[in-house]
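Listed below are the residues making up each chain.
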Amino acid sequence: MRQYTSDSSPVSTPSYNPGLRLYYWNTSWVNVGKELHSVHYLSLGVHHYSNGQSGEHYTGGAINTKDGSFSLDYVELAYYYETIDKAGGPDDWWKVNVRKYLTGWTWESPQHDYYEKWLFEASRKKRLNRYGITTQLTAGYKHDRTYVSPGDNASFRDNMQYTAEAFIPVKCPKVRFFHWDNMSVYLRWDKGYDYYNINYQNRINRLQAGLVTGNF
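The following refers to the structure shown. (Residues numbered from 1 in each chain as written. Predicted model: local features only at pLDDT ≥ 70, side-chain atom pairs only at ≥ 80, totals over all residues. Heavy atoms only, no water.)

**Brief notes about the overall build of the protein chain**
Of the regular secondary structure elements, the protein chain holds 2 helices and 14 strands. Residues classed as buried in the protein chain amount to 38% of the 216 residues present. Residue pairs in contact within the protein chain that sit at least 24 positions apart in sequence constitute 55% of those at least 6 positions apart. When the accessible surface of the protein chain is totalled, it reaches about 13,000 Å², and 57% of it is carbon and sulfur. (Helix = DSSP H or I, 4+ residues; strand = E, 2+ residues; numbered from the N terminus. Buried < 20%, exposed > 50% of the residue type's maximum accessible area, 1.4 Å probe, protein only. Contact = heavy atoms within 4.5 Å. Areas by Shrake-Rupley, 256 points an atom, 1.4 Å probe, with all protein chains shown as cover.)

**Things to note about the environment of T13**
Mapped onto the secondary structure, T13 falls in the segment before strand 1 (19-24). It is 9.1 Å that separates the C-alpha atoms of T13 and N199, two residues lying 186 residues apart in sequence. Here the side chain of T13 touches N51 through a polar contact of 3.3 Å, side chain to side chain. (Polar contact = N/O pair within 3.5 Å; in protein donor to acceptor, adjacent residues only side chain to side chain.)

**Remarks on the nonpolar core**
Residues Y49, F70, L72, Y101, Y115 and Y200 are the most contacted members of the largest nonpolar core, which totals 13 residues. For F70, the residues in contact, after removing those within four places along its chain, are Y49, S50, N51, H57, E108, Q111, Y115, N197, I198 and Y200. Ranked by size, the runner-up nonpolar core spans 5 residues in total, among them V39, Y41, A78 and Y80. (Core = buried A, V, L, I, M, F, W, Y, C linked by side-chain atoms within 4.5 Å.)

**Some thoughts on the packing of aromatic side chains**
The tally for this structure, following the rule as stated, stands at 18 aromatic pairs. Between Y23 and Y80, the ring centres sit 6.1 Å apart and the planes meet at 40°, which makes this aromatic pair tilted. Placement of Y23 in strand 1 and of Y80 in strand 6 (residues 71-85) is noted, with a sequence separation of 57 residues between them. Judged by centre distance (6.0 Å) and plane angle (50°), the rings of F70 and Y115 are tilted. You can see F70 sitting in the loop between strand 5 (62-63) and strand 6 and its partner Y115 sitting in the loop between helix 1 (111-114) and strand 8 (118-128), a full 45 residues away along the chain. One aromatic cluster in this structure is built from Y49, F70, Y74, Y101, W107, Y115 and Y200. (Phe/Tyr/Trp six-rings, centres within 6.5 Å; stacked < 30°, edge-to-face > 60°.)

**Brief notes about a nonpolar patch on the surface**
Together, Y24, L42, Y79 and V96 give the surface a local cluster of nonpolar side chains, amounting to about 350 Å² of exposed area. Mapped onto the fold, V96 is located in strand 7 (residues 90-101). For V96, a relative accessible area of 46% corresponds to the partly exposed category. (Patch = residues over 30% accessible without salt bridge, like charges linked within 9 Å, V, L, I, M, F, W, Y side chains within 5 Å. Salt bridge = Lys/Arg side-chain N within 4 Å of Asp/Glu carboxyl O.)

**Thoughts on the pattern of salt bridges**
If you walk through the whole model with that rule in mind, you get 9 salt bridges. Note that R99 is salt-bridged to E76, the shortest N-O span being 2.8 Å. Placement of R99 in strand 7 and of E76 in strand 6 is noted, with a sequence separation of 23 residues between them. Like E76, R99 is buried.

**Some details on the environment of E76**
Accessibility expressed as a relative area gives 2% for E76, which makes it buried. Separated by 43 residues in the primary sequence, E76 and L119 have C-alpha atoms spaced 9.1 Å apart. Polar contacts involving the side chain of E76 include one to the side chain of K95, which spans 3.5 Å.

**Here's the deal with the environment of Y41**
With respect to the element layout, Y41 can be found in strand 3 (residues 36-50). Relative accessible area serves as the criterion here: at 15%, Y41 is assigned to the buried category. Taking C-alpha positions, Y41 is 6.1 Å from Y79, a pair spaced 38 residues apart along the chain. Ignoring sequence-local partners within four residues, the contact set of Y41 consists of Y23, Y24, W25, W29, A78, Y79, Y80, E82 and W93.

Right, dumping it as structure tokens:
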């Protein structure tokens, strides 16, 4: 959820993304090795995504990002490959997924031209054991989107999106009654068009930083 500097209660466009996801694997997809174990598995999910606003989605010739209603539904099929080290910790993780947006459900009519009907993504998360840093790279392609703005056709480059993330562990001093032993500095870079609900028409090239726990 994003908090903006403008007045809001508490935010002008919160994000709701409930869903149901089923996972499948069997014993033949598990490989037990001396140093690394590996497993393949699949998932199938059905999700709803909205921002809880009730204003007009499209006003004044542009997407209403202040209080415009945003809503969509999608199904996603994903394939995963994961390796685990001999100590039981995650080592390497791959994901390839295909997402289909269900335009006949809660889809807002202006989205037919400006929002993709399909999303193809590939991700890899890797732990650099020597330094304890975890990195993740994601590349995606938005398919079947006509315009990025009125009269501006969506090109192949417009439909590409990239994300790079890094989790860098830090040691926190022990304080009485309070101690975090799994803190990391989080860095993230996004390039493409915004993935955050009603802001999908905005181009971004953004670096974020923060503190997180439980990074894998």
